[in-house]
Amino acid sequence: MEPEPATVNGRKRAQRSQRTHREVADELRARIRSGALRPGQRMPTQAQLADEFGVERGAVRQALRILQSERLLTNVSKGSPATVAPDLGRATGPSAEPMPTTVGLAPRIAAAFAAEHVRIDALCLTSVSLTLAIGEPLREIYSGRLKPAKIDVRVLLPSRDIALAFPVPVQGRGGDGPDDPVHRRWLAMRNAQGQVLQHNLQGLRGTHGIDVRVSFRALPFTPPVKLYLLNGEEALFAYYTLARSEQEVGHENLEMYDAEGLQSVLFGFERGPGPRDTAFVEQSRRWFDALWETISTELTFAV
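First, a word on what this report is: a plain description of the structure on this page. (Residues numbered from 1 in each chain as written. Predicted model: local features only at pLDDT ≥ 70, side-chain atom pairs only at ≥ 80, totals over all residues. Heavy atoms only, no water.)

## Here's the deal with the environment of Leu266
Considering the arrangement of structural elements, one finds Leu266 in strand 12 (residues 265-270). Residue Leu266 is classed as buried on the basis of its relative accessible area, which comes to 1%. Sequence spacing of Leu266 and Leu236 is 30 residues, and the spatial spacing of their C-alpha atoms is 5.9 Å. Once you skip the residues sitting within four places of it in the chain, Leu266 turns out to touch Pro98, Met99, Thr101, Gly104, Leu105, Tyr228, Leu236, Phe237 and Ala238. (Helix = DSSP H or I, 4+ residues; strand = E, 2+ residues; numbered from the N terminus. Buried < 20%, exposed > 50% of the residue type's maximum accessible area, 1.4 Å probe, protein only. Contact = heavy atoms within 4.5 Å.)

## Notes on the side chain of Ser129
Mapped onto the fold, Ser129 is located in helix 5 (residues 128-142). For Ser129, a relative accessible area of 8% gives the class buried. Setting aside residues no more than four positions away along its own chain, Ser129 makes contact with Thr101, Leu105, Lys226, Tyr228, Gly261 and Leu262.

## A closer look at the packing of aromatic side chains
Using the criterion set out here, one finds six aromatic pairs in the structure. When the ring of Phe269 is compared with that of Phe280, the centres are 3.9 Å apart and the planes differ by 25°; the resulting orientation is stacked. Residue Phe269 is found in strand 12, and its partner Phe280 is found in helix 7 (residues 275-293); the two are separated by eleven residues along the sequence. Taking the centre distance of 5.9 Å and the plane angle of 20° together, the rings of Phe288 and Trp292 count as stacked. Placement of both Phe288 and Trp292 in helix 7 is noted, with a separation of four residues, approximately one turn of the helix. Put simply, the rings of Phe237, Tyr239, Phe269 and Phe280 pair up and form one aromatic cluster. One Lys or Arg, Arg154, reaches over the ring of Trp292 and ends 5.1 Å from the middle of that ring. (Phe/Tyr/Trp six-rings, centres within 6.5 Å; stacked < 30°, edge-to-face > 60°. Lys NZ or Arg CZ within 6 Å of the ring centre and 35° of its normal.)

## Some details on the pattern of salt bridges
Here the structure, examined in full by the defined rule, presents 15 salt bridges. Across the pair Glu52 and Arg31 runs a salt bridge whose closest N-O atoms are separated by 2.5 Å. Placement of Glu52 in helix 2 (residues 46-53) and of Arg31 in helix 1 (residues 21-34) is noted, with a sequence separation of 21 residues between them. Its relative accessible area of 2% is what places Glu52 among the buried residues. Residues Arg285 and Glu282 are paired through a salt bridge, measuring 2.6 Å at the closest nitrogen-oxygen approach. Separated by three residues within a single helix, Arg285 and Glu282 lie in helix 7, roughly one turn from each other. Using a relative accessible area of 31% as the deciding quantity, one classes Arg285 as partly exposed. Under the relative-accessibility criterion, Glu282 is labelled buried at 16%. Connected through salt bridges with shared partners, the residues Asp121, Arg154, Arg271, Glu282, Arg285, Arg286 and Asp289 form a single ionic network. (Salt bridge = Lys/Arg side-chain N within 4 Å of Asp/Glu carboxyl O.)

## A word on helix 2
For an α-helix, 3.6 residues make a turn, and residues three or four places apart therefore share a direction. Within helix 2 the residues assigned to the buried category are Gln46, Leu49, Ala50, Glu52 and Phe53. All buried residues of helix 2 fall inside an arc of 165° around its axis, so they share one side. One or two steps after helix 2, the chain reaches Gly54, where phi turns positive at roughly 70°. (Arc of directions from axis to C-beta.)

## Here we look at the sheet that holds strand 10 (residues 242-249)
Across the sheet, which stays open at both edges, the three strands sit in the order 6-11-10 with antiparallel pairing between neighbours. Bordering the open sheet on either side are strand 6 (168-169) and strand 10, each of which pairs with just one other strand. Here strand 10 runs beside strand 11 (residues 252-259); their pairing, made up of eight bridges, is antiparallel. By the bridge assignment, Val249 is partnered in strand 11 with Glu252. (Pairing = 2+ DSSP bridges.)

## Section: the packing of helix 5 against helix 6 (residues 181-208)
Running from N to C, helix 5 and helix 6 cross one another at 15°; their axes reach a closest spacing of 10 Å. Taken together, helix 5 and helix 6 sit at an angle that is classed as roughly parallel. The hand of the helix 5/helix 6 crossing is left-handed. Only Met189, Gln193, Val196, Leu197, Asn200, Leu201, Gly203, Leu204, Thr207 and His208 of helix 6 make contact with helix 5, whose side of the interface consists of Val128, Leu130, Thr131, Ile134, Leu138, Ile141 and Tyr142. When its residues are assigned to classes, the contact of helix 5 with helix 6 shows eleven nonpolar, six polar and no charged. (Axes fitted to C-alpha atoms, helices over the stretch in contact; angles between N-to-C directions. Parallel < 35°, antiparallel > 145°, perpendicular 65-115°, else oblique. Left-handed = near helix turned anticlockwise from the far one by under 90°. Nonpolar A, V, L, I, M, F, W, Y, C, P; charged D, E, K, R; others polar.)

## Some thoughts on the pairing of strand 12
As paired elements, strand 3 (residues 99-100) and strand 12 share two bridges and run antiparallel to each other. Within strand 12, the position partnered with Pro100 by the bridge is Val265.

Listed below in structure tokens is the structure:
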């Protein structure tokens, strides 16, 4: 039997015979976020990546262009290897460049988990972005590189009982809000993501003895923006921008107006750099607390 060939970065060759360019981008993105590929480091050549993933070089180039559009890579071309962006993860401060949520949120969440007492407040449509972003610090905790003593997470999500402003079918609702198939699709996603987030965090009680509290409350309106407050020191803010798209709902394709939350551009603010940023963080905290303590209600993950 021939020995199994090693690949770049000491990883084994992918067992699947073929991957899509998006799967290649997902794997490389994960390596960048985990630190396996460091800021400023040159990437393997396109030939090496094609060999590792078992794909054509064209698929590699498509994957690299995706990561370049997310500002994770620079110098993507047919010639020299690309380079991991040198300023990854800085999403806050007066000079910070706005980033898509899929790029900017995870590094800031991971940085927040370096505190002894982690406090995260989030207002969003489904919590998909937050659930994905928390995956990185969870891996760091299980590897022993992060050791918070206490974690408090509060999440505001739209109520299951309201008629959402979005997502909605282009041709109108099939009844009142909760009976609409698009509404049911959103509700299933909201519930699934919330339950995964809750389960993953509360699991740290038993495995690491961390004092964890995860709370959800329901809003009586559809939030037009998403907001993340980290340890009382940072505020990450993004607009939900609507677009017309076609999605499979049940067994039929429906045109709908929806927002792509993962690509929403995050604007970051933090205490200290100046009065404008400090005031934004403070006012965002007051706004969130007011919603939490007044018009929001208990949220359950019932369908």
